[in-house]
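# Breakdown of the fold
The lines below spell out each chain.
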Amino acid sequence: MELVIFSFFSAFGIILLFTRTIGIRRTLKIRKPLDVITTLGLPILFIGTFAGMITAFFTGLWITLMTSILNMFFKAPKWAKKIYHDEETSNANNVSGNCPSRPRRNKVRPH
């Protein structure tokens, strides 16, 4: 039972480390590679002891569950993607987004 508790705290620490350093959105963007690396990579680090490997496998399980729960709570709904879009998907500087029937002043006149 204490292995499960230790693995929960280590998974919580890893998730906390990632969310505090790179942010929740970026952590959720790398969710799948993070799950694979922690589930397969941590047991390789603790290959010498049985308790270490079991703790590492449970840590991978906890990280998968925690990132899934974070994804459910912090993922933007489909209607919000139109309103709150990232800078990469912004059409503000895109020429095709402008309506050609509306005149646009390109130069600002000095006062």
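The structure displayed is predicted, hence computed values, not measured ones.

Reading guide: rules and limits
- Residues numbered from 1 in each chain as written.
- Predicted model: local features only at pLDDT ≥ 70, side-chain atom pairs only at ≥ 80, totals over all residues.
- Heavy atoms only, no water.
- Helix = DSSP H or I, 4+ residues; strand = E, 2+ residues; numbered from the N terminus.
- Polar contact = N/O pair within 3.5 Å; in protein donor to acceptor, adjacent residues only side chain to side chain.
- Contact = heavy atoms within 4.5 Å.
- Phe/Tyr/Trp six-rings, centres within 6.5 Å; stacked < 30°, edge-to-face > 60°.
- Buried < 20%, exposed > 50% of the residue type's maximum accessible area, 1.4 Å probe, protein only.
- Core = buried A, V, L, I, M, F, W, Y, C linked by side-chain atoms within 4.5 Å.
- Patch = residues over 30% accessible without salt bridge, like charges linked within 9 Å, V, L, I, M, F, W, Y side chains within 5 Å.
- Areas by Shrake-Rupley, 256 points an atom, 1.4 Å probe, with all protein chains shown as cover.
- Salt bridge = Lys/Arg side-chain N within 4 Å of Asp/Glu carboxyl O.
- Axes fitted to C-alpha atoms, helices over the stretch in contact; angles between N-to-C directions.
- Parallel < 35°, antiparallel > 145°, perpendicular 65-115°, else oblique.
- Left-handed = near helix turned anticlockwise from the far one by under 90°.
- Nonpolar A, V, L, I, M, F, W, Y, C, P; charged D, E, K, R; others polar.

Turning next to the side chain of Thr55. Note that Thr55 resides in helix α4 (residues 50-74). A distance of 2.7 Å separates the side chain of Thr55 from the backbone oxygen of Ala51, its partner in a polar contact. Setting aside chain neighbours within four positions, we find Thr55 in contact with Leu3, Phe6 and Ser7.

All chains considered together, the criterion is met by three aromatic pairs. Pairing Phe8 with Phe12 gives two aromatic rings, centres 6.4 Å apart and planes at 20°, and the pair type is stacked. You can see Phe8 and its partner Phe12 sitting in helix α1 (residues 2-21), four residues apart, about one turn around the helix. The exposure class of Phe12 is partly exposed, given its relative accessible area of 43%. Ring geometry for Phe8 and Trp62: centres 5.0 Å apart, planes at 75°, overall edge-to-face. Linking Phe8 in helix α1 with Trp62 in helix α4, this pair joins segments that are 54 residues apart in sequence. Joined through ring pairs, the aromatic side chains of Phe8, Phe9, Phe12 and Trp62 make up one cluster.

What follows deals with the nonpolar core. Across soluble globular proteins, you tend to see nonpolar side chains buried next to one another. Core analysis: the biggest nonpolar cluster contains seven residues, these being Ala11, Ile15, Leu28, Leu34, Ile63, Met66 and Leu70. Put simply, the parts of the chain that give this core at least two residues each are α1 and α4. Ranked by the residues each element gives to this core, the list is headed by α4, at three residues. Leaving out residues up to four positions away in the same chain, Leu70 has contacts with Ile15, Thr19, Leu28 and Lys75.

This part covers a nonpolar patch on the surface. On the surface, a cluster of nonpolar side chains totalling about 750 Å² of accessible area is made up of Met1, Ile5, Phe6, Phe8, Phe9, Phe12 and Leu16. Residue placement: Phe6 occurs in helix α1.

Bringing the packing of α1 against α4 into the picture now. It is the contact of α1 with α4, at a shortest axis distance of 8 Å, that shows an interaxial angle of 50°. Here α4 runs oblique to α1, going by the angle between their axes. Of the two elements, α1 crosses α4, and the hand of that crossing is right-handed. Residue-level inspection shows Leu3, Val4, Phe6, Ser7, Phe8, Ser10, Ala11, Phe12, Ile14, Ile15 and Thr19 of α1 in contact with α4, the latter providing Ala51, Ile54, Thr55, Phe58, Thr59, Trp62, Ile63, Met66, Thr67 and Leu70. Taken together, the residues that form the contact of α1 with α4 break down as 15 nonpolar, six polar and no charged.

As a further point, take the environment of Val36. Inspection of the secondary structure assignment puts Val36 in helix α3 (residues 31-45). Here Val36 falls in the partly exposed class, since its relative accessible area comes to 48%. The spatial distance from the C-alpha of Val36 to the C-alpha of Thr64 is 8.8 Å, given a sequence separation of 28 residues.

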